[in-house]
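Listed below are the residues making up each chain.
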Amino acid sequence: MNLRNFTLESGFILVGILDGSGSPELLCVMITILYMLALTSNGLLLLVITMDVRLHVPMYLLLRQLSLIDLLFTSVVTPKAVVDFLLRDNTISFEGCALQLFSAMTLGGSEDLLLAFMAYDRYVAICHPLNYMILMSPKVCWLMVATSWILASLSALGHTVYTMHFPFCMSREIRHLLCEVPPLLKLACVDTSQYELMVYVTGVIFLLLPLSAISASYSLILSTVLHMPSNEGRKKALVTCSSHLTVVGMFYGGATFMYVLPSSFHSPKQDNIISVFYTIVTPALNPLIYSLRNKEVIGAFRRVLGRHILPAHSSL
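As annotated in an unreviewed UniProt entry, the protein carries the name Olfactory receptor 2AG2 and comes from Cricetulus griseus.

Enquirer: Please explain the UniProt feature "transmembrane region" (unreviewed entry) in the protein as it appears in this structure.
Expert: Taking the UniProt record as the reference, the feature "transmembrane region" (unreviewed entry) is found at residues 29-49, 61-78, 98-120, 140-162, 197-225, 237-261 and 273-292. Here residues 61-78 is 100% helix and 0% strand, with 26 Å between the C-alpha atoms at its ends. In the segment residues 140-162, helix accounts for 100% and strand for 0%; the C-alpha atoms at its two ends are 33 Å apart.

Enquirer: What exactly am I supposed to notice about the pattern of salt bridges here?
Expert: A side chain of one charge can pair with a side chain of the opposite charge if their charged atoms are brought near each other. For the structure shown, the criterion picks out 4 salt bridges. Across the pair Asp 84 and Lys 80 runs a salt bridge, and its minimum N-O distance is 2.9 Å. Taken together, the residues Asp 84 and Lys 80, both in helix α4 (residues 58-87) and 4 residues apart, mark about one turn of the helix. By relative accessible area, Asp 84 is classed as buried at 10%. Note that Glu 173 and Arg 175 form a salt bridge whose closest N and O atoms lie 3.2 Å from each other.

Enquirer: Even after reading the chapter, I still don't get a nonpolar patch on the surface, so can you show me in this structure?
Expert: A surface patch of nonpolar side chains, amounting to about 470 Å² of accessible area, comprises Leu 197, Tyr 200, Val 201, Ile 205 and Leu 209. Tracing the chain through its elements places Leu 197 in helix α9 (residues 193-226).

Enquirer: Which parts of the structure should I look at to understand the state of the cysteines?
Expert: Covalent bonding between the sulfur atoms of two cysteines defines a disulfide. For the coordinates displayed, the defined rule picks out 2 disulfides. Here Cys 97 connects covalently by a disulfide to Cys 179, the sulfurs 2.1 Å from one another. One disulfide, between Cys 97 and Cys 179, carries an S-S torsion of -120° and so falls in the left-handed class. Residue Cys 97 is located in helix α5 (residues 94-127), and its partner Cys 179 is located in the loop between β3 (173-174) and α8 (181-185); the two are separated by 82 residues in the primary sequence. For Cys 97, a relative accessible area of 0% gives the class buried. There is a disulfide in this structure between Cys 169 and Cys 189, and the S-S distance comes to 2.2 Å. With Cys 169 in the loop between α7 (138-164) and β3 and Cys 189 in the loop between α8 and α9, the pair connects residues that are 20 residues apart, well separated along the chain. On the basis of relative accessibility, which here comes to 27%, the residue Cys 169 falls in the partly exposed class.

Enquirer: Hey, could you run me through the sheet that holds β3 in this one?
Expert: As a general point, the strands of a sheet are linked pairwise by backbone hydrogen bonds and lie either parallel or antiparallel. Pairing in this open sheet of 3 strands is mixed, and the strands run β2-β1-β3 from one edge to the other. In this open sheet, the two strands that pair with only one neighbour each are β2 (91-92) and β3. Pairing geometry for strand β1 (residues 12-14) and β3, over 2 bridges, is parallel. Looking at β3, one finds that Ile 13 is bridged to Glu 173.

Calculation criteria
- Residues numbered from 1 in each chain as written.
- Predicted model: local features only at pLDDT ≥ 70, side-chain atom pairs only at ≥ 80, totals over all residues.
- Heavy atoms only, no water.
- UniProt positions renumbered as here; feature names shortened; annotations may be inferred.
- Helix = DSSP H or I, 4+ residues; strand = E, 2+ residues; numbered from the N terminus.
- Salt bridge = Lys/Arg side-chain N within 4 Å of Asp/Glu carboxyl O.
- Buried < 20%, exposed > 50% of the residue type's maximum accessible area, 1.4 Å probe, protein only.
- Patch = residues over 30% accessible without salt bridge, like charges linked within 9 Å, V, L, I, M, F, W, Y side chains within 5 Å.
- Areas by Shrake-Rupley, 256 points an atom, 1.4 Å probe, with all protein chains shown as cover.
- Disulfide = S-S within 2.5 Å.
- Pairing = 2+ DSSP bridges.

Here you go:
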């Protein structure tokens, strides 16, 4: 049996952050709480935006997609990490690793592009409000969503197939929270330098180009906001934009570290911390960032909850 077939049959061992921490039980509890928070907050935001007709506008339709992506993204990683720790079984099959890699890259790439489209939506709303329903019609909005999913899934498919075709003979241990390209390439027993360059180029396309578009959008937004005559209008615009920029900073920071910085800057401990941040922490915080300072979302929460909870109480 050659080394590649051995990997195909036995799979890999995920040695994530829980195994290398000083207090794994406490960290496991914290990760579980963050996952439950992500499920609850994103689930509620999805429910409210879907049920409240007043939120059926492009801004909140894009936000609903972001919540869906976050919900799926953290579910690809967190349950397995927690169950593996509790059962003391960190194995993952070759096929399971490929599926996790494809899912994580699809969802991560979709979020990259979606955040750029959300920045464009804010640019149109603030800088060209009279043309908003033309430039951000439902057709355009759904085209943005479809583009995010299609481009991300095609890129993820290519990277998954190419990454998993390498012969892995260095070790079965992936010193990472999940199956991702950089830690997998460290296990390959052939030269992967050319492919690493392709990963870098893809990282620039999916991370730095959308980030440049976001920066350009917000530069124009800031210029427009500063010339607004109304203090109330300036405040509302800045609150909405600051929420989006906070989410952008959290997600793009971690993803850029993993896929754009050269491998010499990486260490297993740093990579694990970064991956926990953008696969577990960020999905839990995103809905809170968008909803706690947004009066329209809070009002929708009250209307939806009041419509379904108050009648139940009144009938008791």
